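Here is what each chain is made of, one letter per residue.
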Amino acid sequence: MARFLGIDVGGSATRWHLIDTLTDIDLTGAETGFSGHLYRPEVLARADDAITSLAERVGAVDGIVAGVTGLGKDTSGADQLKKRLAAGLGAHRIMPVSYTHLTL
């Protein structure tokens, strides 16, 4: 498998782009928005909803790059997001970065 997912997470929407290099699948879509403030229960719930919906739409992936608005310099939010993305989408290579460092 060679399925890679780019995610642009913002408060109003979570936009994504999936590329499968073996089957030439190239899909885009949008899910519930959230932010990097995963210490807030309501934001965490929105993140879980977005990841669940995304998993239902794209299935398992090999790698993910996620630009997330509000993701701080501390690693707790990034680590928490990585765990949730790995559990929901099966990816082992996940790179969450602050939204200001990535534009899809």
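The following paragraphs examine the structure supplied in this document. Treat the numbers as computed from the prediction; the structure is a model and nothing was measured.

For the structure shown, the criterion picks out one cavity of 30 Å³ or more. Counted as a void, the largest cavity has a volume near 50 Å³. Around the largest cavity sit I7, V9, T14, F34, A50, I51, L54, A66, L81 and L85, which together line it. When residues of the lining of the largest cavity are traced back to their parent elements, those giving at least two are β1 (3-9), α1 (41-58) and α2 (75-89). With three residues, α1 is the single largest residue contributor to the lining of the largest cavity.

This part takes up α2. Compared with an ideal rise of 1.5 Å per residue, which puts 15 residues at 21 Å, α2 spans 20 Å between its outermost C-alpha atoms and is within 8% of the ideal. Those residues of α2 not exposed but buried are G77, A78, L81, L85 and L89. Considered in projection along α2, the buried side chains sweep an arc of 95° and stay on one side of the axis. For α2, exposure combined with an orientation more than 90 degrees from the buried face picks out T75, K83 and A87. Tucked inside the fold, the buried residues of α2 contact β1, α1, β4 (63-68) and β5 (93-98). A positive phi of about 75° marks G90, the residue just after α2.

Reading the values: rules and limits
Residues numbered from 1 in each chain as written. Predicted model: local features only at pLDDT ≥ 70, side-chain atom pairs only at ≥ 80, totals over all residues. Heavy atoms only, no water. 1 Å grid on protein atoms, 1.4 Å probe; cavity = no way out; pocket = protein on both sides within 12 Å on 5 of 7 lines; lining within 4 Å. Points joined across faces, edges and corners; volume = space filled by probe spheres on them. Helix = DSSP H or I, 4+ residues; strand = E, 2+ residues; numbered from the N terminus. Expected span 1.5 Å × (residues − 1). Buried < 20%, exposed > 50% of the residue type's maximum accessible area, 1.4 Å probe, protein only. Arc of directions from axis to C-beta. Contact = heavy atoms within 4.5 Å.

Treat this as a map of the structure, not an account of what it does.
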